[in-house]
Amino acid sequence: TCTASDLLTVVYGNIGRCLRMTDNISFIEALSILSKSSPFAVSTENHEHSKALLNEIKEYLYVQMPIEELVYSTISKLSSRNKKIVFLCGSSGDGKSEILTRCKKTFDSRVNFHLDATHSFAPHENAIQTLDREIAKYHSGETPLVVGINTGMLGNYAEEGANEQIKQNIRAYLNREKYSDDVIFINFEDYPKFLIGDDGYHADFPEKLLKRITQQSDNILRQLYDRDKEQDQDSENKRLFANYELLSLPSVQTVIIDLLFKARLKRDQFLTARALLDFIFGLLAGPGYLFDNLFAGGDNELSEKIVEFDPANLRTKQIDRFILAFELKLTDSDFSEFKEAIVQMGVKRLSKAHSFLRLFYILRYGDYGNNYHKNFTHDFSESLIEKYVECYKLHRDFNGHRVDKERLKSFYQKTLIYAVRNHINRNAPLLSKNQYLISELNGYQLTSKLDIKPDYKSIQSDIPVSASYFNAFMIVKVNDREAKVRPIPLNINLLELLIDIVSGYRPNKHDKSAVVLLDELVDDIIKVANQSRDIQIVKGAQRFELRKVE
């Protein structure tokens with residue numbers, strides 16, 4: 001019999017449940033399962049310390065990823081007559097153990113599972129030896145084997161493992177070569193968390209997870225939040241409640257996903273399930289309001305990257321004017337009216353201009369109060385991401401149509417080729433349009449005339465393998481012959497550098513990997529230029545034309 005005093009009625013899916021609240025779990029305790037330090041962060045088969053309601057919450061928060069459908073389908077086809085070994089590969093924390101633990105509940109009677117090949121589970125064995133033992137059992141028996149393994153560990157086994165047949169198959173897989181049909185590799189890297197679609201980018205997994213955490217109905221967390229908010233007047237918990245309300249705003253969720261996508265593009269940061277859950281916990285339960293927690297850094301790999309995009313560090317006329325007025329207590333009545341409005345959201349007593357700027361930033365897609373925060377919309381523009389997505393789609397979707405060809409031509413001529421020429425001729429700014437500096441000696445500059453244009457055929461036949469870069473292709477015409485240069489993997493950092501060079505910027509050591517990619521392209525172009533029969537020698541106003549006679 002259920003009584004109102006010790007039960008919380010939870011409805012999710014289409015099932016009504018009564019859950020006993022004997023532990024009196026608080027909202028913050030329920031949120032703690034998101035933290036990477038929680039015993040619920042990694043799925044294991046040891047439930048000794050589990051609590052019924054926390055397990056229910058973890059189950060509620062679980063978001064199925066597309067890769068799980070393939071894993072389940074693949075394992076369901078295994079049997080003694082169809083005996084194979086399956087490697088589920090990826091990075092630490094991406095959800096391998098969670099998926100395989102769920103599969104094991106269904107297929108344990110006819111498939112052997114080695115959930116985590118990173119560990120040995122025995123004091124006298126290392127991880128390689130343990131995997132050797134599991135593979136030996138597989139070969140000597142009739143039962144299929146499924147292994148959860150980090151990609152790095154996969155490479156280690158290819159070098160140090162005992163089974164030569166498996167080692168050869170792993171090497172072939174890592175080298176993108178053909179391997180045996182009785183080995184299956186399923187890799188999380190083939191299922192990226194971010195995809196660029198026709199209407200911009202999509203991040204299905206983080207979008208679904210944020211909605212699941214914050215949705216208004218059929219939500220265990222929301223039930224606990226409503227109960228505690230009504231009963232608890234502690235100031236620390238009031239900030240937690242305000243953070244949950246902020247996170248529940250769809251426009252704020254969009255900003256957070258924008259930042260995660262930016263970290264993926266600019267800092268090559270992979271998004272794992274464990275890191276994302278811990279990141280969300282930090283936003284809610286950190287020491288400050290959500291907008292300050294978002295840029296506070298810390299020991300979370302996502303937070304460490306996102307801190308670099310702190311809007312409070314931007315320097316624009318509008319932002320600097322606000323900071324100065326705030327510090328001098330000379331803010332206007334519109335700002336005072338906005339402060340009154342955000343109190344209704346639970347945000348109050350902010351003492352730093354930087355905190356307000358971060359708040360303006362996360363609210364920029366929505367309407368709040370008198371919309372004072374929208375005075376800074378232009379300052380927070382993500383034009384670089386928009387430009388990158390546009391260029392990515394131009395290359396990915398190019399089919400030879402005249403309109404798209406003109407758009408590609410405009411990008412190559414006005415951005416890519418223009419920036420490359422400026423970079424090559426940075427010590428010879430007076431050269432004519434098609435002249436490229438080959439070398440310089442004792443004040444004399446050797447130049448060659450080149451015609452560089454997009455390689456439309458290569459662009460049309462190439463398909464990007466990741467949202468983090470696309471290949472740019474160019475043809476260099478010299479001596480009436482056309483030569484292709486190596487495709488350049490153009491990521492958002494290189495695009496930013498190209499745009500800056502067009503604006504007059506000169507690259508330096510701080511540009512790191514982006515300038516390395518640019519210099520590799522320059523080297524290829526210079527090699528082609530050295531084949532020219534026509535060389536011009538320039539020194540001051542002097543010009544000498546040399547032509548090699550065949």
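I will try to describe carefully the structure that is included in this document.

Reading guide: rules and limits
- Residues numbered from 1 in each chain as written.
- Predicted model: local features only at pLDDT ≥ 70, side-chain atom pairs only at ≥ 80, totals over all residues.
- Heavy atoms only, no water.
- Pairing = 2+ DSSP bridges.
- Helix = DSSP H or I, 4+ residues; strand = E, 2+ residues; numbered from the N terminus.
- Axes fitted to C-alpha atoms, helices over the stretch in contact; angles between N-to-C directions.
- Contact = heavy atoms within 4.5 Å.
- Buried < 20%, exposed > 50% of the residue type's maximum accessible area, 1.4 Å probe, protein only.
- Salt bridge = Lys/Arg side-chain N within 4 Å of Asp/Glu carboxyl O.

## Topic: the sheet that holds strand 16 (residues 534-539)
Strands in a sheet are paired, the pairing made by backbone hydrogen bonds, and the direction either parallel or antiparallel. As summarised here, the arrangement of the four strands in space is 9-10-16-17, forming an open sheet in which the pairing is antiparallel. Across the chains shown, the open sheet's two edge strands, defined by having one partner strand only, are strand 9 (435-441) and strand 17 (542-547). Adjacent strand axes in the sheet meet at a mean angle of 25°, parallel and antiparallel pairs treated alike. Pairing analysis gives four bridges linking strand 10 (residues 444-449) to strand 16, with the strands arranged antiparallel. Paired with threonine 447 across the two strands is glutamine 536, which belongs to strand 16.

## Here we look at the environment of isoleucine 342
Structurally, the position occupied by isoleucine 342 is in helix 16 (residues 333-343). Sequence-wise, isoleucine 342 and tyrosine 368 are 26 residues apart; in three dimensions their C-alpha atoms are separated by 7.8 Å. Beyond its immediate stretch of four places on either side in the chain, isoleucine 342 contacts Val347, Phe356 and Leu359.

## So, the pairing of strand 5 (residues 145-150)
The buried count for strand 5 comes to six of six residues, which makes it a mostly enclosed element. The side-chain alternation of strand 5 yields two buried faces, one formed by Leu145, Val147 and Ile149 and the other by Val146, Gly148 and Asn150. Sheet topology note: the strand 3 (residues 85-90)/strand 5 ladder contains six bridges and is parallel. What sits directly across from glycine 90, in strand 5, is asparagine 150. Note that strand 4 (residues 112-114) and strand 5 share three bridges and pair parallel. For asparagine 112, the partnering residue across the bridge sits in strand 5 and is leucine 145.

## Some details on the pattern of salt bridges
Considering all chains together, one arrives at 28 salt bridges under this definition. Taking the shortest distance from any N to any O, the salt bridge between aspartate 198 and arginine 396 comes out at 3.6 Å. Placement of aspartate 198 in the loop between strand 7 (195-197) and strand 8 (200-202) and of arginine 396 in helix 18 (residues 383-396) is noted, with a sequence separation of 198 residues between them. With a relative accessible area of 67%, aspartate 198 lands in the exposed category. Residue arginine 396 is classed as partly exposed on the basis of its relative accessible area of 23%. Aspartate 292 is the salt-bridge partner of arginine 358, the closest N and O atoms lying 2.8 Å from each other. Taken together, the positions of arginine 358 in helix 17 (residues 353-362) and aspartate 292 in helix 13 (residues 290-293) put the pair 66 residues apart, joining distant regions of the chain. Across the pair, exposure class does not vary: arginine 358 and aspartate 292 are buried alike.

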